[in-house]
Amino acid sequence: METISTNRSFDGSLVRATHASEACVCDMTFAIYLPPQAEDGPVPVLYWLSGLTCTDENFMQKAGAQRVAAELGIAIVAPDTSPRGTDLPGEHESYDLGSGAGFYVNATQEPWSAHYRMYDYVTRELPALVEAQFPVSDVRGVSGHSMGGHGALICHLKNPGMYRSVSAFAPICHPSECQWGRKAFATYLGESRDNWAEWDAALLIGDAKSKIPLLIDQGSDDEFLSDQLKPGALEQAAICSHYPLELRYQEGYDHSYFFIASFIEDHLRHHARGMGL
């Protein structure tokens, strides 16, 4: 692991680092915010998964999370959203596939399967690296936005007990039934919808083994609400399976980081409760 930069923030430190990833078979970059409490010992950590076209920098620069994270004593890790530098055929041709659009799945189709294993990266490799190299504990939470909200949901639902807390902003809730999801799943996973179901939160939540409280915020003026995000499908599945979901529609908010910054404090306090802080 090599440090790219370190910046002081709210008496803590924001570190950007790069390392050679075994899961993605390329160099991967991530950012970690360490609150001041980390100087005295390991702190719990929230993994933030970003959306389409984002990198590790979007959340750390736009969400305004460091002040509350410093107060609560929570570290935040933000990985990149896809492998970089692999230059696969078609990898850079559209914003919703390939570069910046890993969808947090393990690709099974060539040539993507050689590198696009973001699920293994964010659930296995990155936590192991972070917990070995930084003063953080194995008390984890997971959250994310849009494609990253989808990622947060499936990481929790597929790994009962791994996370103490979970939330999402405007997640892609039912990717098997939206254009973004169908395009990515068909490319990365093949045409079989049986394979898609393993990565679809609306289809997984009914069989959830760990029913920790889930907080979702969704802007009412989000331009992607009805066509791409489909929170109603997740809500109905949660009701049928008695999953504790709090789905909040925030009047007048869109899909941007202005929306995330407006409610990130609520989410961090939700995670603090789940982590026992």
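Provided above is the structure to which this section pertains.
### Structural notes on the overall build of the protein chain
- Tallying secondary structure elements over the protein chain gives ten helices and nine strands in all.
- Here the protein chain has a C-alpha radius of gyration of 17 Å; the compact-globule value for 277 residues is 19 Å, and the two agree.
- The dimensions of the protein chain, computed from C-alpha atoms along their principal axes, are 50 × 40 × 35 Å.
- Counting all 277 residues of the protein chain, 60% fall into the buried class.
- The long-range fraction of contacts in the protein chain, counting pairs at least 24 apart against all pairs at least 6 apart in sequence, stands at 73%.

### Let's talk about the pattern of salt bridges
- Throughout the structure, instances matching the rule amount to 13 salt bridges.
- As a salt-bridge pair, Arg-16 and Asp-56 come within 2.8 Å of each other at their nearest N and O atoms. Here Asp-56 lies in the loop between β4 (43–49) and α1 (57–62) and Arg-16 lies in strand β2 (residues 12–21), a separation of 40 residues in the sequence.
- The salt bridge involving Arg-248 is made with Asp-217; its shortest N-O contact spans 2.8 Å. One end of the pair, Arg-248, is in strand β9 (residues 245–250); the other, Asp-217, is in strand β8 (residues 214–219), with 31 residues separating them in the sequence.
- With a relative accessible area of 22%, Arg-248 lands in the partly exposed category.
- Judged by its relative accessible area of 0%, Asp-217 falls in the buried class.
- Through salt bridges with shared partners, one network takes in Arg-67, Glu-71, Glu-265 and Arg-269.

### A few points about a negative patch on the surface
- Together, Asp-221, Glu-223, Glu-251 and Asp-254 give the surface a local cluster of negative charge.
- Following the sequence through the fold, Asp-221 ends up in the loop between β8 and α8 (225–229).

### A few points about helix α5 (residues 179–189)
- Among the residues making up α5, those that are buried are Trp-180, Gly-181, Ala-184, Phe-185, Tyr-188 and Leu-189. On an axial view of α5, the arc spanned by its buried residues comes to 110°, and they lie on one face.
- Contacts made by the buried residues of α5 are with α4 (147–157), α6 (193–196) and α8.
- Among the residues trailing α5, Gly-190 stands out with phi positive, at a value near 95°.

### Quick notes on the sheet that holds strand β7 (residues 165–169)
- Across the sheet, which stays open at both edges, the nine strands sit in the order β1-β2-β3-β5-β4-β6-β7-β8-β9 with mixed pairing between neighbours. Each end of this open sheet is capped by a strand with a single partner; those strands are β1 (2–9) and β9. Averaged over neighbouring strand pairs, the angle between their axes works out to 20° when direction is ignored.
- As defined by bridge partners, β8 adjoins β9 across six bridges and the pair is classed as parallel. Residue pairing for β9: Ile-216 is matched across the bridge by Leu-247.
- Running over the sheet, helix α9 (residues 231–241) touches β8 and β9 and is turned about 150° from β9.

### Re the pairing of β1
- Sheet analysis places β1 next to β2, joined by seven bridges and oriented antiparallel. Directly across from Ser-5, in β2, lies its bridge partner Arg-16.
- What sits between β1 and β2 in their antiparallel hairpin is a turn of two residues, with Phe-10 showing a positive phi close to 50°.

### Looking at the packing of aromatic side chains
- Summed over the entire model, instances satisfying the criterion amount to 14 aromatic pairs.
- Geometrically, the ring pair formed by Tyr-119 and Trp-199 is edge-to-face, given 5.0 Å between the ring centres and 80° between the ring planes. Taken as a pair, Tyr-119 in helix α3 (residues 118–133) and Trp-199 in the loop between α6 and α7 (201–204) lie far apart in primary sequence, 80 residues in all.
- On the numbers, 6.1 Å between centres and 45° between planes, the contact of Tyr-253 with Phe-259 is tilted.
- Within the aromatic cluster, the residues linked to one another by ring pairs are Trp-48, Phe-59, Phe-169, Tyr-253, Phe-259 and Phe-263.
- Stacked on the ring of Trp-199, the Lys or Arg Lys-158 has its end atom at 4.2 Å from the ring centre.

Reading guide: rules and limits
- Residues numbered from 1 in each chain as written.
- Predicted model: local features only at pLDDT ≥ 70, side-chain atom pairs only at ≥ 80, totals over all residues.
- Heavy atoms only, no water.
- Helix = DSSP H or I, 4+ residues; strand = E, 2+ residues; numbered from the N terminus.
- Rg over C-alpha atoms; globule rule 2.2 N^0.38 Å.
- Buried < 20%, exposed > 50% of the residue type's maximum accessible area, 1.4 Å probe, protein only.
- Contact = heavy atoms within 4.5 Å.
- Salt bridge = Lys/Arg side-chain N within 4 Å of Asp/Glu carboxyl O.
- Patch = residues over 30% accessible without salt bridge, like charges linked within 9 Å, V, L, I, M, F, W, Y side chains within 5 Å.
- Areas by Shrake-Rupley, 256 points an atom, 1.4 Å probe, with all protein chains shown as cover.
- Lys, Arg positive; Asp, Glu negative; His and termini not counted.
- Charge placed at Lys NZ, Arg CZ, Asp CG, Glu CD.
- Arc of directions from axis to C-beta.
- Pairing = 2+ DSSP bridges.
- Axes fitted to C-alpha atoms, helices over the stretch in contact; angles between N-to-C directions.
- Phe/Tyr/Trp six-rings, centres within 6.5 Å; stacked < 30°, edge-to-face > 60°.
- Lys NZ or Arg CZ within 6 Å of the ring centre and 35° of its normal.

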